[in-house]
Amino acid sequence: MSDIVASDLVTLTIDGIEVSVPKGTTIIRAAESIGIAIPRFCDHPLLDPRGSCRQCLVEIPDAGNGRGFPVPQTSCTMPVAPGMVVQTAASSEKAKRAQNGIMELLLINHPLDCPICDKGGECPLQNQALLAGRGESRFDAKKRRFPKPTSINGQLLLDRERCVLCARCTRFAQEIADDPYIALVERGALQQVGRVGEGPLRSYYLGNVVQICPVGAFTAKSYRFESRPFDLVSTDTTCEHCASGCSLRVDRRHGTVRRRLAGNNPSVNEEWNCDKGRFCFVYGRGADRLTHPLIRENGSLRPASWPEALAAAAAGLSKAEKSVGVLTGGRLTTENAYAYSKFARAVLGTNSIDFRSRPFSVEETDFLAAEVAGKEVGVSYGDLENASQVVLVGIEPEDESPMILLRLIKAVRKRGLKVVLVDFINTYGSKKLKARWIQCRPGEEAKALAQVELDEKSVILVGERAALSAGTLSAVAKLSAEAGASWAWIPRRAGDFGAVQAGCLPNVLPGGRPVTQSAARVDVAAAWEVDSLPGEIGLDAAAILAAAAEGDLAALVTAGIDPRDFADSHIARAALEQAFVVSLEPRLSQAASLADVVLPVALIEEQSGSFLNWEGRQSVVNQVVKGSVPSDLRVLSALADELGSPLGLKDAAAAAAELGELGVWEGSRAALSAVGEKQPGEGLILGSWRELFDAGSGADGEESLQTESFYPTAVMNPKTAAGHGFENGDRLVVSGPRGSITVPLLVYPDIVEDVIWASFNARGLPSHGEIGVVIGEPVNVGKEEAKV
């Protein structure tokens, strides 16, 4: 409150204590500021005041005008006033009797099932009933009964008889997520929480209502009857599923993670997270989990000891000499990514390293080196809320960074933030933001950006999809610089931003140092205590795979990659089959199954480190459970020792210290050259992105959440559909050079003409790389032939 002007403060007295708070503060918040707890159920600091439960009643003998209220008032809805006098149950018998009476009414229909309720032991109703409730009930009639539980979706269960109608859940759905899938229905004694609409729920934030429900009415299927709070050990950590950087509280029992909750981090995720971050943590418990090394013998992988596997890996890499490429993927902590960067340069002697296991462009490679690596972002979540406008380019926040969407919804709702969408489709998420839609076909975003008027408080958010639109990244940097606006690059995976800073690119050393500048190489070589570092720009991921597939690159070191994710999955598989491959994976992935040596590494819950989110904010990863295998960094250190070139990193803390000591590059770097626009091809153009719940391995084991996918697998404009003779519901065959998929069609008005949105990475469907097309390229579309 130090930055608040004194004239904006209101002074009042609560239980004889004088307190000054900003205008508009409610009594319950003023009381909290001086350590006075007032019981409540409906009140939540991030939801609008409602006064539903009435449990927070206080006496107000003086409202600041010399007159008091004749009856107790709800402290969660009553704003403070100068000179107001408030008495809580601690100092007022009237307030105490009122709270006791409300508690008795709330318990009339509440079942006595605390021994089996998941909320038992951490239940506000349970706690306050002990403090402000009667020892015995005077109610002897029948309580309300409902069939239990009601399934809201695959994870969310509702026990309606427990509900006290606080409306926290419905307010979250309406105010925070803008997904009004539940509401209070019926009237009077029959009032209850009910579903709105029919069919599968389309929300990525359902799990939050479980966490904020004060009485155990909402529970999660995955945690139901699993444990008691007093049996759990909690650890704070960071989510590994996207670049939002959400804080988590992870609860374990008997060495196994039982649940994950949103952590309280006002600067990032506030108190929310998405369902993927909350529920998708069992992907490492399948039969494909690696617990011992494997080596290929006679065409098959067999178990091996660590010394044998490390010796085999070292022999293969030594034979390849410097003809090696390193593909790191996006699952790595910043410390692990730094270890790969150092291993590639100081041990293998190559700059052919790339974290991008996805389609990309040379323009993006130069953009990341010139504008992202070693530079401050200059945009935060708070800046999104305070911007004059936010421009979305090549990003669908709901799927690619769910916390960004929640912040934008909040700013639109509370401040009237203007949002501009530059894209080929006006999505469900964009409509929540009341976005102004600037229409363009995939590949024409740079041209469309010229229609946006920017000022110094504007913020541009550009996603990784923009890499496939020629000139868009260059235009974002140029236009924002001319207007004095801010911009941020939003990668999709949690480890991507840290990988850039750690130097997991063929043209960048750690801290944004250009590999072609001798001063930058000398700087890093001195820190790493090696004589020299390679000075030529290495191969990027696409070039690495192409060279390996042709036999021009002898060996690969891979981590966290899937051939399906690359622009050409067939080339990726051919590369893995042709080259000598050392794969570091926690599970026997498709890439690992093709490797010559497989070295098991720890899951994210089994190690310590950090991620850098899209803001460049460091988010700590703490070890939650003990694993049986080491981290990537420890495995690389052992492999480096086997190769005779020690890595000099014993753990994540040492890597973080070394990277921090290197700091960022302050010298010159290559300027980002302008890239000309490229016109999309003729015919139907493919537009798409990776949905939050797709065929990615991070959601393995939680198939129930696959129903939360937003869009049908093909979307087309009515005019375009009619022009091709298609109707809503037709099954279409979408073809590329290497294959096809068959998907149902949704005719949707808010997509530009001559574009088809298709989800190629849904479970059970081929990926873009397997079909042989990327965003912005033409596809062939026809009706599925009727089966005879």
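Analysis parameters
Residues numbered from 1 in each chain as written. Predicted model: local features only at pLDDT ≥ 70, side-chain atom pairs only at ≥ 80, totals over all residues. Heavy atoms only, no water. Helix = DSSP H or I, 4+ residues; strand = E, 2+ residues; numbered from the N terminus. Buried < 20%, exposed > 50% of the residue type's maximum accessible area, 1.4 Å probe, protein only. Contact = heavy atoms within 4.5 Å. Pairing = 2+ DSSP bridges. Core = buried A, V, L, I, M, F, W, Y, C linked by side-chain atoms within 4.5 Å. Salt bridge = Lys/Arg side-chain N within 4 Å of Asp/Glu carboxyl O. Axes fitted to C-alpha atoms, helices over the stretch in contact; angles between N-to-C directions. Parallel < 35°, antiparallel > 145°, perpendicular 65-115°, else oblique. Left-handed = near helix turned anticlockwise from the far one by under 90°. Nonpolar A, V, L, I, M, F, W, Y, C, P; charged D, E, K, R; others polar.

A. Spatial organisation of unusual backbone geometry. Of the consecutive residues Lys148 and Pro149, the connecting peptide bond is found in the cis state with omega at -15°. The backbone phi angle of Asp178 is positive, close to 55°, even though this residue is not glycine. As for its position among the elements, Asp178 is in the loop between α4 (168-176) and β8 (182-185). Unusually for a residue other than glycine, Glu529 sits at a positive phi of about 60°. Relative to the helices and strands, Glu529 resides in the loop between α17 (518-528) and α18 (541-550). For Glu529, a relative accessible area of 73% translates into the label exposed.

B. Inspection of the environment of Leu190 at higher detail. Along the chain, Leu190 turns up in the loop between β8 and β9 (192-195). The residues contacting Leu190, other than those within four sequence positions of it, are Arg144 and Val185.

C. The pairing of strand β36 (residues 778-783), seen in detail. Of the strand pairs in this sheet, strand β30 (residues 684-687) and β36 are connected by 2 bridges, and their pairing is antiparallel. When the bridges of β36 are listed, Ile685 appears paired with Pro778. Pairing of strand β32 (residues 731-736) with β36 involves 4 bridges; the strand directions are antiparallel. From the neighbouring strand, Leu732 faces β36, where its bridge partner is Lys783.

D. Expanded view of the nonpolar core. Ranked by internal contacts, the top residues of the largest apolar core, which has 192 residues, are Phe172, Phe218, Phe343, Val422 and Trp489. In terms of residue count, the dominant contributor to this core is helix α12 (residues 402-415) (8 residues). In this structure Phe172 touches Leu47, Ala177, Asp178, Tyr181, Tyr205, Asn208, Val209, Ile212 and Trp272, once residues within four positions along its chain are discounted. Counting residues in hydrophobic clusters, the runner-up holds 22 residues, among them Leu294, Ile544, Ala548 and Ala591.

E. View of the pattern of salt bridges. Considering all chains together, one arrives at 56 salt bridges under this definition. A salt bridge links Glu464 to Arg492; the nearest nitrogen and oxygen atoms lie 3.7 Å apart. Taken together, the residues Glu464 in the loop between β21 (458-463) and α15 (472-483) and Arg492 in the loop between β22 (486-490) and α16 (496-502) connect sequence positions 28 residues apart. With respect to burial, Glu464 and Arg492 carry one shared label: buried. The shortest N-O distance in the salt bridge between Asp700 and Arg587 comes to 2.7 Å. Taken as a pair, Asp700 in the loop between β30 and β31 (714-716) and Arg587 in the loop between β26 (580-585) and α20 (590-593) lie far apart in primary sequence, 113 residues in all. Judged by relative accessible area, Asp700 falls into the buried class, the value being 18%. What emerges from the salt-bridge pattern is a single network uniting Asp113, Lys148, Asp159, Glu161, Arg162 and Arg224.

F. Geometry of the packing of α18 against helix α19 (residues 569-578). Closest axis-to-axis distance for the α18/α19 pair is 7 Å, and the angle between their directions is 55°. Classified by the interaxial angle, the pair formed by α18 and α19 is oblique. Two packed elements cross with a definite hand, and for α18 against α19 that hand is left-handed. On α19, the residues that touch Leu545, Ala546, Ala548 and Ala549 of α18 are Ile571, Ala572, Ala574, Ala575 and Gln578. Here the contact of α18 with α19 is composed, by residue class, of 8 nonpolar, 1 polar and no charged.

G. Layout of the sheet that holds strand β11 (residues 233-238). Taken in spatial order, the 3 strands of this open sheet run β11-β12-β13, and their pairing is antiparallel. At either end of the open sheet lies a strand with only one pairing partner, and these are β11 and β13 (256-262). Direction aside, the axes of adjacent strands within the sheet are offset by 30° on average. As paired elements, β11 and strand β12 (residues 247-253) share 6 bridges and run antiparallel to each other. Opposite Val233, over in β12, you have Arg252 as the bridge partner.

H. Here's a closer look at the side chain of Thr333. Along the polypeptide, Thr333 turns up in the loop between β16 (324-327) and α8 (334-347). In contact with Thr333, not counting residues within four places along its chain, are Ile604, Gln607, Ser610 and Phe611.

So yeah, pure geometry; function would need other evidence.
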